[in-house]
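Coordinate inspection notes
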Amino acid sequence: MVDEFSLPLPDAAVDRILLIHALEMSDDPEGLLREVWRVLAPSGRMMAVIPNRRGVWTRTDTTPFGHGRPYSRSQITQLLRQTWFTPTAWARRCSCRRSGAAGSCAPPWPGSASAPRCRMPFAGVHIVEATKQVYRAIPAHRERTRLIPALQPVLVAVVPCNGTRIRRNL
């Protein structure tokens, strides 16, 4: 129950941060992640649970994922890298239970027979773990600069048609 852009913590005070339903509801997700980066200790870890853009539950208003802004995996990766986080682990999970003839979409316990169905691309949420990058990575290759040689003027003898020599500076 605090302002998401000014957490009441000093810099580098927390080792682990858990964000659930935070990024999709934030007006400025980049600002939120920069604030999380500020309070996270060097090499600290953040875990975020974010609705999957392709998930079935983002299309209905009766679920928590039907509100806010869902993300695809590439959008999450881009957002994390823009805010100096390095994604280290990913998981996709179903997040609701359905009753009826089709049964449950979420496994009743880890490792059950219905668990592989939740790893499909239409799962309800992305669970991503990211670490704080204290130093920016150095690019793998340098940009090459084109060297344009500076030409020095040279005196050249020019012989006109009448046979007299004239010097010109080129």
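Relevant structure appears above.
Residues numbered from 1 in each chain as written. Predicted model: local features only at pLDDT ≥ 70, side-chain atom pairs only at ≥ 80, totals over all residues. Heavy atoms only, no water.

**Describing the overall build of the protein chain**
- Helices and strands together make up the secondary structure of the protein chain, namely two helices and six strands.
- When the helices and strands of the protein chain are read in sequence order from the N terminus, they spell out β-α-β-α-β-β-β-β.
- When each of the 170 residues of the protein chain is scored for burial, the buried share is 32%.
- Partitioning the contacts of the protein chain with sequence separation of at least 6, the portion at a separation of at least 24 is 67%.
- As presented, the protein chain carries roughly 12000 Å² of accessible surface, and 57% of it is formed by carbon and sulfur atoms. (Helix = DSSP H or I, 4+ residues; strand = E, 2+ residues; numbered from the N terminus. Buried < 20%, exposed > 50% of the residue type's maximum accessible area, 1.4 Å probe, protein only. Contact = heavy atoms within 4.5 Å. Areas by Shrake-Rupley, 256 points an atom, 1.4 Å probe, with all protein chains shown as cover.)

**Observations concerning the packing of helix H1 (residues 29-39) against helix H2 (residues 73-82)**
- At a minimum axis separation of 9 Å, H1 and H2 run at an interaxial angle of 50 degrees. Judged by the angle between their axes, H1 and H2 are oblique. Note on packing geometry: the crossing formed by H1 with H2 is right-handed. Each of Pro29, Glu30, Leu33 and Arg34 in H1 lies in contact with H2, whose residues at this interface are Leu79, Leu80 and Gln82.
- Classifying every residue of the contact of H1 with H2 by side-chain character gives four nonpolar, one polar and two charged. (Axes fitted to C-alpha atoms, helices over the stretch in contact; angles between N-to-C directions. Parallel < 35°, antiparallel > 145°, perpendicular 65-115°, else oblique. Left-handed = near helix turned anticlockwise from the far one by under 90°. Nonpolar A, V, L, I, M, F, W, Y, C, P; charged D, E, K, R; others polar.)

**Quick notes on the sheet that holds strand S2 (residues 40-51)**
- With mixed pairing, the four strands of this open sheet are ordered in space as S1-S2-S4-S3. This sheet does not close on itself; its edge strands, each paired only once, are strand S1 (14-20) and strand S3 (85-93). On average, each strand axis in the sheet is tilted by 15 degrees relative to the strand beside it, whichever way the strands run.
- Where S1 and S2 come together, six bridges link them in parallel fashion. Bridged to Val14 within S2 is Leu40.
- Running over the sheet, H1 touches S1, S2, S3 and strand S4 (125-132) and is turned about 145 degrees from S2.
- Sheet strands in contact with H2 are S2, S3 and S4, and its direction is about 155 degrees off that of S3. (Pairing = 2+ DSSP bridges.)

**Remarks on the environment of Ala13**
- Positionally, Ala13 belongs in the segment before S1.
- A C-alpha to C-alpha distance of 9.4 Å links Ala13 and Pro42, two positions 29 residues apart in sequence.

**Some thoughts on the pattern of salt bridges**
- Under the defined criterion, the tally for this structure stands at three salt bridges.
- As a salt-bridge pair, Arg38 and Asp11 come within 2.6 Å of each other at their nearest N and O atoms. With Arg38 in helix H1 and Asp11 in the segment before S1, the pair connects residues that are 27 residues apart, well separated along the chain.
- Among the residues examined, Arg38 registers a relative accessible area of 25% and is labelled partly exposed.
- Note on Asp11: relative accessible area 55%, which makes it exposed.
- We note a salt bridge from Arg45 to Glu129, for which the minimum N-O separation is 3.2 Å. Pair noted here: Arg45 is in strand S2 and Glu129 is in strand S4, with a separation of 84 residues, a long-range link. (Salt bridge = Lys/Arg side-chain N within 4 Å of Asp/Glu carboxyl O.)

**A few points about the pairing of S2**
- Handedness of the crossover joining S1 and S2 through H1 is recorded here as right-handed.
- Of the pairings in the sheet, the one linking S2 to S4 comprises seven bridges and is antiparallel in character. When the bridges of S4 are listed, Ile50 appears paired with His126. (Right-handed = clockwise from strand over helix to strand, strands pointing away.)

**A closer look at H1**
- Of all eleven residues in H1, eight are buried; the element is thus mostly enclosed.
- Inspection of H1 places Pro29, Gly31, Leu32, Leu33, Glu35, Val36, Trp37 and Val39 among the buried residues, and these make up the whole buried set.
- On the buried face of H1, the contacting elements are S1, S2, H2, S3 and S4.

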